[in-house]
Amino acid sequence: MKIHLTINHELEETEVHIHAKDYNEQIERLMRQLQASQTTMLDGYDQQEIHLLKISDIYSIYAEDAKVFLQTDEQEFESKRKLYELEAQLAKDFVRVSKSTLVNIHKISSIQMGKIGTTQLLLENDVAIHVSRKYLKELKRHLGIGRDS
């Protein structure tokens, strides 16, 4: 992949152009990262209150009983968005670790590999989260560890 930067003082805002032979997984990932880099806050709901949460304060996002929750160090907030929407929006900082859970990669303290092929993440707030085998390869790729990184 070639990367070119052109500085033009006449532009009013930054523009990103991607020129590719065809649309593939690498291009899709790049587009998601560029879109995700623009998001810094999420709205979280606690009863009748709306809280603006910094993405860096969210440890995990999970779905349960058709609702989506944002977990911070101190409490949980409900989100009005779908899990797949948040996954696309936060692709730079979050990775899916199971069908119903996204984890902030910056909040992972350790990865614990069990003897029978089970994997758990320990987050900085001492919460353990199960990693599904289906999503383990993508987690390792996102963290830049293992053979496929």
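Predicted model, so just to flag it, every value in this text is computed and none were measured. (Residues numbered from 1 in each chain as written. Predicted model: local features only at pLDDT ≥ 70, side-chain atom pairs only at ≥ 80, totals over all residues. Heavy atoms only, no water.)

**A look at the pairing of strand 6 (residues 94–98)**
Point 1. Of all five residues in strand 6, five are buried; the element is thus mostly enclosed.
Point 2. Both strand 6 and strand 7 (residues 101–104) contribute to a ladder of four bridges, which runs antiparallel. Residue pairing for strand 7: V95 is matched across the bridge by V103.
Point 3. Hairpin geometry of strand 6 and strand 7 is characterised by an intervening segment of two residues between the two adjacent antiparallel strands. (Buried < 20%, exposed > 50% of the residue type's maximum accessible area, 1.4 Å probe, protein only. Helix = DSSP H or I, 4+ residues; strand = E, 2+ residues; numbered from the N terminus. Pairing = 2+ DSSP bridges.)

**Regarding the nonpolar core**
Point 1. Counting 13 residues, the largest nonpolar core has L42, I61, L86, L90 and F94 as its most contacted members.
Point 2. If you list the elements that add at least two residues to this core, you get strand 3 (58–64), strand 4 (67–72) and helix 2 (83–89).
Point 3. Core analysis: the second largest hydrophobic core is formed by twelve residues, Y59, V97, L123 and L139 among them. (Core = buried A, V, L, I, M, F, W, Y, C linked by side-chain atoms within 4.5 Å.)

**Digging into the sheet that holds strand 8 (residues 108–113)**
Point 1. On the basis of which strands lie adjacent, the open sheet formed by three strands has the order 8-9-10 and antiparallel pairing. Of all strands in the sheet, those bounded by a partner on one side alone are strand 8 and strand 10 (128–131). Going from strand to strand, the sheet's axes swing by 25° on average, the running direction of each strand aside.
Point 2. In terms of strand pairing, strand 8 meets strand 9 (residues 119–123) through five bridges, oriented antiparallel. Across the sheet, the residue bridging to M113 is T119, located in strand 9.
Point 3. Strands in contact with helix 3 (residues 133–143) are strand 8, strand 9 and strand 10; relative to strand 8, the strand with the most contacts, it is inclined by about 135°. (Axes fitted to C-alpha atoms, helices over the stretch in contact; angles between N-to-C directions. Contact = heavy atoms within 4.5 Å.)

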